[in-house]
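Structural overview
Chain by chain, the residues:
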Amino acid sequence: MASNHTDCHYCLQSLRGRKYALREENAYCVTCYDSLFANPCEECKQLIECDSKDLAYKGRHWHEGCFKCAKCSRSLVEKPFAAKDELLLCTECYSDEYSSKCFHCQKTIMPGSRKMEFKGSSWHESCFVCQYCRQPLGTKPLITKDNENYCVPCFEKQFAHHCYSCKKVITSGGVTYHDQSWHKECFVCAGCKIQLSGQRFISKDEYPYCVDCFSKLYAKKCAACKKPITALGGAKFISFEERQWHGECFNCAKCSVSLVGHGFITRQDDVLCHECGSA
């Protein structure tokens, strides 16, 4: 521009008839201005002189002609771009190199577009839908079956079992008993209501009982020790004339020898070996 200032603020040479640049209301000759204030170009490393356009991004500077995609070299001036590891890339190159692929359609999820992430995979928002009703899932609760996603209502209609006890849907896990499905927390002893999932239990009239309740309610009592005989785990027991004994309790009432597999004599409520019974 034509000078209305007398001298360069830095070198003090006359600006009369010369081009100059203003900075904070001070005039500088072009040479002084470039040496004092011009930014180096990130691409060519040369100074961006005052008569060149300076393009800046996050504290870095480029000549207009140097502001281009690091991969395909197309100009990025007034075009959308993305940065990766300090490199500037056009959206096409960035997508090819770094963008996620949609799990459903396998097409690139373009930078700036909304994407959904679930179990380590990415979807276009429009592809992340219920497999049955095709409505967008967004951030709604969902259930996955055979690598397909379903909204909760559709899953319940199509696949879910209902708990035999509470009649509500079983969305995961559960217990099967007598061809019926139960929530784990609903599968309880018919007597004391303790949860039976993962525990030993005994069935009676199609109802499950914990071992303690079954023993108290239904098991026969040993004629010797008076404790319940459950036969749980294959335990042996002896039965004679409507009386039962644990195998280890079926002993001679007098000498305590085991009578299991041996002949014996009864005398009132006692069982005796032949030797004691004949004495």
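Because the structure is a prediction, the values reported are computed rather than measured. (Residues numbered from 1 in each chain as written. Predicted model: local features only at pLDDT ≥ 70, side-chain atom pairs only at ≥ 80, totals over all residues. Heavy atoms only, no water.)

1. Some points on the overall build of the protein
In plain terms, the rule: Numbering of helices and strands starts at the N terminus; helices are DSSP runs of H or I of at least 4 residues and strands are runs of E of at least 2. Only C-alpha atoms enter the radius of gyration, while the globule expectation follows 2.2 Å times N to the 0.38, with N the number of residues. A 1.4 Å probe rolled over the protein chains alone gives each residue an accessible area, and that area as a share of the maximum for its type sets the label: buried under 20%, exposed over 50%, partly exposed in between. Residues are treated as being in contact if the distance between any of their heavy atoms lies within 4.5 Å. The protein chains shown are the only cover counted for residues, whose accessible areas, like all others here, come from Shrake-Rupley with a 1.4 Å probe. For the charge count, each Lys or Arg is scored as positive and each Asp or Glu as negative, with His and the chain ends excluded. Charge positions are represented by NZ for Lys, CZ for Arg, CG for Asp and CD for Glu.
Regarding its fold elements, the protein presents five helices and 22 strands. For 279 residues, the compact-globule estimate of 2.2 N^0.38 gives 19 Å, and the C-alpha radius of gyration of the protein, at 45 Å, exceeds that figure by more than 25%. Expressed along its principal axes, the backbone C-alpha trace of the protein runs to roughly 145 × 45 × 30 Å. The buried share of the protein, reckoned over its 279 residues, is 32%. Sequence separation of 24 or more characterises 11% of the internal contacts of the protein that already satisfy a separation of 6 or more. Within the structure as shown, the protein displays about 18700 Å² of accessible surface, and the carbon and sulfur contribution to it stands at 47%. Here the protein carries 37 positive and 32 negative side-chain charges, and the mean point of each set is 7 Å from the other.

2. Some thoughts on the side chain of Asp-34
Let me state the cut-off plainly: A pair is scored as a salt bridge if a Lys or Arg side-chain nitrogen falls within 4 Å of a carboxyl oxygen belonging to Asp or Glu.
Mapped onto the elements, Asp-34 comes out in helix H1 (residues 30-37). Within the buried set, Asp-34 has no salt-bridge partner at all; the shortest N-O distance to an opposite charge, 10 Å, is to Arg-23.

3. Looking at unusual backbone geometry
A positive phi is found at Leu-12, a non-glycine position, where the angle reads about 65 degrees. With respect to the helices and strands, Leu-12 occurs in the segment before strand S1 (20-23). Backbone geometry places Lys-167, a non-glycine residue, at a positive phi of 70 degrees. In this fold, Lys-167 is placed in the loop between strand S11 (161-162) and strand S12 (169-170). With relative accessibility at 53%, the residue Lys-167 sits in the exposed group.

4. Quick look at helix H2 (residues 91-98)
For H2, the set of buried residues is Thr-91, Cys-93, Tyr-94 and Ser-95. Against strand S5 (81-84) and strand S6 (87-90) lie the buried residues of H2.

5. A closer look at the nonpolar core
Which entries qualify depends on this criterion: Put simply, a nonpolar core is a bunch of buried Ala, Val, Leu, Ile, Met, Phe, Trp, Tyr and Cys residues held in one set by side-chain atoms that sit within 4.5 Å of each other.
By size, the foremost hydrophobic cluster in this structure holds 15 residues, and its most contacted members are Cys-102, Trp-123, Phe-128, Cys-130, Leu-137, Cys-151 and Phe-155. Elements represented by at least two residues in this core include exactly strand S10 (148-151) and helix H3 (152-158).

6. A look at the pattern of salt bridges
Inspection of the entire model under this criterion finds three salt bridges. Lys-115 is the partner of Glu-117 in a salt bridge, and the nearest nitrogen-oxygen pair spans 3.2 Å. The class for Lys-115 is partly exposed, based on a relative accessible area of 35%.

7. What about the UniProt feature "domain: LIM zinc-binding" (unreviewed entry) in the protein?
Our working definition: UniProt positions are given in the numbering used here, feature names are shortened, and annotations may be inferred rather than shown by experiment.
Listed under "domain: LIM zinc-binding" (unreviewed entry) in the UniProt record, and renumbered for this structure, are residues 39-99, 100-161 and 220-279. Annotated as 13% helix and 26% strand, the span residues 39-99 places its first and last C-alpha atoms 32 Å apart.

8. Some words on the side chain of Ser-181
Tracing the backbone shows Ser-181 in strand S14 (residues 180-182). Dropping the residues within four chain positions of it, Ser-181 is found in contact with His-161, His-162, Cys-163, Tyr-164, Ile-170, Val-175 and Thr-176.

9. A few points about H1
Listing the buried residues of H1 in full gives Cys-32, Tyr-33 and Asp-34. Elements that come into contact with the buried residues of H1 comprise S1 and strand S2 (26-29).

10. Some words on the domain arrangement of the protein
Going by this rule: Where each domain starts and ends follows an automatic or database-derived domain assignment.
Domain assignment breaks the protein into domain 1 (174-217) and domain 2 (220-278). Distance between the C-alpha centres of domain 1 and domain 2: 31 Å.

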